[in-house]
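Observations on the model geometry
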Amino acid sequence: METESIQTESRFHSDTVTKYLLMGIAAIAVSIVFFIILFIFGNSIGAITDVGLTDLLTGPRWRSSEGLYGTVPIITATLLVTAGAILFAVPIGVAAAIFISEVAPSRFKSVLKSISEVFAGIPSVIYGFFGLTVLVPLLRDTFPSHLLMGYSWLAGSILLGIMALPTIISVSEDALSAVPKSYREASMAMGATKWETTIKVVTPAAISGISAAIILGIGRAVGETMAVMMVCGNSAIVPDPIFNVFSRIRPITSTIALEMPYVVIGSTHYSALFFLALILMIMVLAISMASKIIVNRTRRKFGETENKPSLTGIIVAKLPVPLVNGFKNALVVAGLFLIAYFISLTFSNSFGAVLIGISVTVAIVASSLLWLNRLKNEGVSDRPRNPSEFIESIPVKIKAVSRNIITYALVITVVFMGASLFYDDVVAFMAGLAVAAAYVTLRSVFRRIDSRVVQKVAHTALLAVMIFAILLLVYILADIFIEGLPMITWDFLTGYPKDAGRAGGIYPAIVGTLKLIVGSMVIALPLGMITGIFLAEYAKDTPFTRTVRNSIDILNGTPSIVFGLFGMSAFVIYFGFGNSLLAGCITLGLMVLPVIIRTTEEALKAVPGELREGSMAMGATKWETTVKVVLPAAIGSVITGVILSIGRVAGETAPIMFTAVIMYQRVMSHSIFDPVMALPYQLFYLATEGMGSPAMQSAVATVLLIMVLSMFTLASVVRHYFDKRIRW
Amino acid sequence: MVMIMDNVIDIQNVNLWYGDHQALFDVSMPVQKNKVTALIGPSGCGKSTLIRSINRMNDLIDGCRVEGRMMFHGEDIYGPGTDVIKVRKKIGMIFQKPNPFPMSVRDNITYGPKIHGITDKDKLEEILEKSLREAALWEEVKDRLDKSAMSLSGGQQQRLCIARTLAVSPEVILMDEPTSALDPIATSKIEDLITELVKEYTVVIVTHNMQQAARISDYTGFMYIGEMVEFDKTDKIFQNPSKEMTDRYISGRFG
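Residues numbered from 1 in each chain as written. Chains lettered and ligands numbered in written order. Predicted model: local features only at pLDDT ≥ 70, side-chain atom pairs only at ≥ 80, totals over all residues. Heavy atoms only, no water.

**Overview of the overall build of chain B**
Counting its regular elements, chain B contains 10 helices and 10 strands. What you see for chain B is a C-alpha radius of gyration of 18 Å, in line with the 18 Å of a compact globule of 255 residues. Dimensions of chain B, computed from the C-alpha atoms along their principal axes, are close to 55 × 45 × 35 Å. Across chain B, the fraction of contacts at a sequence separation of at least 24, relative to all contacts at a separation of at least 6, is 68%. On chain B, roughly 11300 Å² of surface is accessible, and the fraction owed to carbon and sulfur atoms is 47%. Taking the average location of the 31 positive side-chain charges in chain B and that of its 36 negative ones, the two points are 2 Å from each other. (Helix = DSSP H or I, 4+ residues; strand = E, 2+ residues; numbered from the N terminus. Rg over C-alpha atoms; globule rule 2.2 N^0.38 Å. Contact = heavy atoms within 4.5 Å. Areas by Shrake-Rupley, 256 points an atom, 1.4 Å probe, with all protein chains shown as cover. Lys, Arg positive; Asp, Glu negative; His and termini not counted. Charge placed at Lys NZ, Arg CZ, Asp CG, Glu CD.)

As structure tokens, then:
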């Protein structure tokens, strides 16, 4: 019998062809990032040439009517509202994460985690609505002498804080749970209590992950549009004094969303708004880089390998060392200058601030150089090459003392700032001292109390925080449902709006939202799943793959308002689709693309390798193996991810504001080149401009919430169904 | 059975369940002061379960239930009035894989004393040096006390863990296969260390390595499927065991 030859018959192996096809599609993610940056940057050039970079960056006033486009109050507002949100969210979020990971009985853990997922799934316009109807009046009544209306930085920060909570909770919880069990055992085996182990071993070991969580929370807060716009009061001013949390402010995102609808396309004003978006992008990129660095550091700490560099990383690595170091130093100096500059802007004009910024920077750099020199003379250490080595070279005792000084100074300052809004400065300062003293006493008291009593107190406090968070969620949902549910009738769901949306039904908005969902999925699903398959099954660790991954990370972190601007400038204007369903679907599709890519990739990677080997060993090609064996095995998680992104599409407002929606439609059009009504935008419009329609607002909010939450329920049902069916 | 005069720990008829699954059956064993007691037996025989139940590390596992008496100086470790924290302070434990905290060498050692209320800096320094010396690690790390403990080699990490346990001055040190993750040279260092340590402390060690048990222990218990098949002086177990099953395991005919 003649045996068949094993020589290949075709020069092109079918798997190689597939691989290059998939690579081509994966490259689309990279090109999207490129085009977003191109369009945002390209459109902001006008403002840079008309106004000048210096005036844009240092101008103290933003008044489009007078042609003033100074971004200082706007950027300051973004920084302030984010800082406030983090101050609110970090203690609560980390405490809740510690509770879930370390204290809660294991059978409650998944319940608590799903509760935090529900938090994450609520659309931002719903949070804005809650802020507008509950938080703002509450603040107005609590601080009647400080707040006329309640719209304020404080309201924005609290609301953003609530929105950042789920990110902080879930990422911190993951970090805490990832701490090896052996650390806990080692600590407990020495007779430490659970609480001592948590606070002295587990939390420090997870600190990088917790920092990453906080940074991600910052990223969420910086890019948030709808909620802030609805509660911040939107005056483009720098608070006076700078820590006056009762001041109205207007962050970057709100400014773009508020002014874009009224702007002349191609004007300086139009371009200045893109410039703001550019700054927002840069901020978000810096934030995501920071979190990457931290994650890498964690891996190093646990002895794993670092992520290898992408194309840009390789280029950087090829540069001569002095150049790179020089660049790093320049970044540090620029950072110091900017911090000093922005702080001194609060009590000085911009020229004075520049002078102060320079002198502070010079002082800090000079003193640290002197310090280094002394170390060198004493032979303590060679000159450290970068900041972290520098910090390591500081003796332990000095570190401990300065840590204490910084802590007390911080406590005193924060209390002083808060109290000085109510009382005169002397009283406020005394209050600061009193709190710091109380802090010191409490700490030493706790040190003397029996460790089990401390544990009881601590665990009770954590439980209280957890209950607070849950009640908050219940309150938000109940508040909307109680008002809205009775309004929902068959006529409401199937009727057309009347009286500019104040009465009648919301049929066109429901259909519009469904159309947006279907359209965006038509675009995102094939692209996203194929890219996910490429990354999970075909991609080797090459610079190209890493660039794709980085692009996906960038897309994932890009604020939705930036997608909105990109969609408007690219699809509505450049391609001439107009304000249309098509433009909206593409924009939303691109926005959820990273989510679908990620979930597909992760789902496929979770499929054990033996399955692939089993199929390949029978002579199946890689593509056949992927499509017939791996994908079916992972389909549950993929579907879950898709449903979750549908929920996100349903609730997003900022990306469709300038690309696809109108607020009122008496006759529905079915052309993809016509605009649609959509539920989230309808809610925003009614809540901010539709006077006299409180019941309608709650009803729209209820329908939107039911739609989004049922997606979540469906996703978790699907997950459970497939979890049960497939086990390995 | 050997009659013991100076028992630090006395395990009497202990049964242990993980949920519905019974892992220990009526186990009895004495632990003598300043001696090395080794537990041997095939995987899954319950030797780790037994050693972990001595300082109640099994409390951390949901659904774990212990019956019988486990006495420490005549007091029941599982008694209703017993303070688990005091138990663990007196009876320390070394684990299979070295598990230093991701902190500096110094912070690793001073962690325990600080937990137990020692704040005096000089006292802590004293404990630091004493424990590291006792663990035969001082010379190797004295110049890098503030470097991360994760930068040490595996063998050094395990000795660091031993020093960390010594720092809370326990009476008994439980070791759960302490050398199974180490290379032969690091293993022999740990073995030498154990021989030194029993002058001051009492050691119970679980090992899958029979030669190790023969080399370093004074008493050996052979366990099989949750039962203590035989417990005696090490020489006796290895040269002239009373039970046939022990003999077959020692001579490598099963296990």
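**Here we look at the overall build of chain A**
Each helix and strand in chain A was counted, giving 29 helices and four strands. Out of the 728 residues belonging to chain A, those deemed buried represent 48%. Pairs at least 24 residues apart make up 75% of the contacts formed inside chain A by residues separated by at least 6 positions. Just so you have it, chain A exposes about 34700 Å², and 68% of that area is on carbon and sulfur atoms. (Buried < 20%, exposed > 50% of the residue type's maximum accessible area, 1.4 Å probe, protein only.)

**Some points on the sheet that holds strand β1 (residues 7-18) of chain B**
Residues and elements named next belong to chain B. Strand order in this open sheet of four strands is β2-β1-β4-β5, and the pairing throughout is antiparallel. Each of the sheet's edge strands pairs with one partner strand only, and the pair in question is β2 (21-32) and β5 (75-76). Pairing between strand β4 (residues 64-72) and β5: two bridges, direction antiparallel. Of the residues in β5, the one forming a bridge with Phe72 is Glu75. In this fold helix α1 (residues 47-54) packs onto β1, β2 and β4, with an angle of close to 120 degrees to the strand it touches most, β1. (Pairing = 2+ DSSP bridges. Axes fitted to C-alpha atoms, helices over the stretch in contact; angles between N-to-C directions.)

**A word on the confidence of the model for chain A**
Residue and element names in this part refer to chain A. The predicted model of chain A averages 83 in pLDDT, with 87% of residues at 70 or higher. Mean pLDDT per element in chain A: helix α16 (residues 387-393) is the minimum at 57, and helix α23 (residues 560-574) is the maximum at 93. Across residues 380-384, where pLDDT falls below 50, the model places 10 contacts with residues more than four positions away in sequence or in other chains. (pLDDT = per-residue confidence, 0-100.)

**Remarks on helix α19 (residues 451-484) of chain A**
Relative to the 50 Å expected for 34 residues at 1.5 Å per residue, α19 of chain A spans 49 Å between its end C-alpha atoms, a close match to the ideal helical length. Regarding α19 of chain A, its N-cap is Asp450 of chain A, as a side-chain oxygen of that residue lies 2.9 Å from the backbone nitrogen of Arg452 of chain A further along. (Expected span 1.5 Å × (residues − 1). Polar contact = N/O pair within 3.5 Å; in protein donor to acceptor, adjacent residues only side chain to side chain.)

**Examining the interface of chain A and chain B**
Contacts between chain A and chain B engage 22 residues on the former and 28 residues on the latter. In total, chain A and chain B occlude about 2100 Å² of area from one another, counting both sides; carbon and sulfur atoms represent 65% of this. Among the residues of chain A in contact with chain B, Glu185, Ala189 and Met190 of chain A are the three that bury the most area, contributing 31% of the side total. Where chain A touches chain B, the interface holds two salt bridges. Asp83 of chain B serves as the salt-bridge partner of Arg452 of chain A, at 2.5 Å between the closest nitrogen and oxygen. (Buried area = accessible area lost by both parts, 1.4 Å probe. Salt bridge = Lys/Arg side-chain N within 4 Å of Asp/Glu carboxyl O.)

**What to know about the pattern of salt bridges**
This structure, assessed with the given rule, holds 29 salt bridges over all chains. The residue Arg184 of chain A makes a salt bridge to Glu102 of chain A at a minimum N-O spacing of 2.8 Å. Here the residue Arg184 of chain A occupies a position in helix α7 (residues 181-189), and Glu102 of chain A occupies one in helix α3 (residues 72-103), the gap between them amounting to 82 residues. Comparing Arg184 of chain A with Glu102 of chain A shows no difference in burial state: the two are buried. A single network of salt bridges, built from pairs that share partners, joins Glu129, Arg133, Glu139 and Lys142 of chain B.

**Regarding a positive patch on the surface**
On the surface, Lys200, Lys397, Arg443, Arg447 and Arg448 of chain A together with Lys114 and Lys121 of chain B cluster together into a positively charged patch. No other element matches the three residues that helix α18 (residues 425-448) of chain A contributes to the positive patch. By secondary structure assignment, the location of Arg443 of chain A is in helix α18. Taking the relative accessible area as the measure of exposure, Arg443 of chain A reaches 35% and is therefore partly exposed. (Patch = residues over 30% accessible without salt bridge, like charges linked within 9 Å, V, L, I, M, F, W, Y side chains within 5 Å.)

**Notes on the packing of helix α5 (residues 124-142) of chain A against helix α28 (residues 679-688) of chain A**
All names here are of chain A. In the contact formed by α5 and α28, the axes pass within 9 Å of each other and the chain directions differ by 20 degrees. With respect to α28, the axis of α5 lies roughly parallel. With respect to the hand of their crossing, α5 and α28 are arranged in left-handed fashion. Together, Val125, Ile126, Phe129 and Leu132 of α5 and Pro680, Leu683, Phe684 and Ala687 of α28 make up the contact between the two elements. Of the residues belonging to the contact of α5 with α28, the class tally is eight nonpolar, no polar and no charged. (Parallel < 35°, antiparallel > 145°, perpendicular 65-115°, else oblique. Left-handed = near helix turned anticlockwise from the far one by under 90°. Nonpolar A, V, L, I, M, F, W, Y, C, P; charged D, E, K, R; others polar.)

**Examining the side chain of Ser104 of chain B**
All names here are of chain B. Checked against the element boundaries, Ser104 lands in the loop between β6 (91-94) and α3 (105-115). Among the polar contacts made by the side chain of Ser104, one reaches the main-chain amide nitrogen of Asp107 at a distance of 3.1 Å. Residues within four places of Ser104 in sequence aside, it is in contact with Leu145, Asp146, Lys147, Ser148 and Ala149.

**With respect to unusual backbone geometry**
Most peptide bonds adopt trans geometry, and most residues besides glycine take a negative phi value. One non-glycine residue, Asn234 of chain A, adopts positive backbone phi at about 55 degrees. Looking at the element boundaries, Asn234 of chain A is found in the loop between α10 (226-231) and α11 (252-259).

**Let's talk about the environment of Ala167 of chain B**
In this structure, Ala167 of chain B sits in the loop between α6 (154-166) and β7 (172-176). Not counting the four nearest positions on each side in its chain, Ala167 of chain B is found in contact with Ile109, Pro113, Ile127 and Ser131 of chain B.

**Things to note about the environment of Ala97 of chain A**
Residues and elements named next belong to chain A. Inspection of the secondary structure puts Ala97 in helix α3. Along the chain, Ala97 and Leu462 lie 365 residues apart, while their C-alpha atoms are 9.3 Å from each other. Here Ala97 is in contact with Ile169, Ser172, Glu173 and Leu176, once residues within four sequence places are set aside.

**Digging into the packing of aromatic side chains**
In this description, an aromatic ring pair is defined by two values, namely the gap between the centres and the angle between the planes. Using the criterion set out here, one finds 23 aromatic pairs over all chains in the structure. With a centroid separation of 5.8 Å and an interplanar angle of 40 degrees, the aromatic rings of Phe143 of chain A and Phe422 of chain A are classed as tilted. You can see Phe143 of chain A sitting in the loop between α5 and α6 (153-178) and its partner Phe422 of chain A sitting in the loop between α17 (396-420) and α18, a full 279 residues away along the chain. Residue class for Phe143 of chain A comes out partly exposed when judged on its relative accessible area of 21%. Relative to Tyr111 of chain B, the ring of Phe101 of chain B has its centre 5.0 Å away and its plane inclined at 65 degrees; by these criteria the two rings are edge-to-face. (Phe/Tyr/Trp six-rings, centres within 6.5 Å; stacked < 30°, edge-to-face > 60°.)

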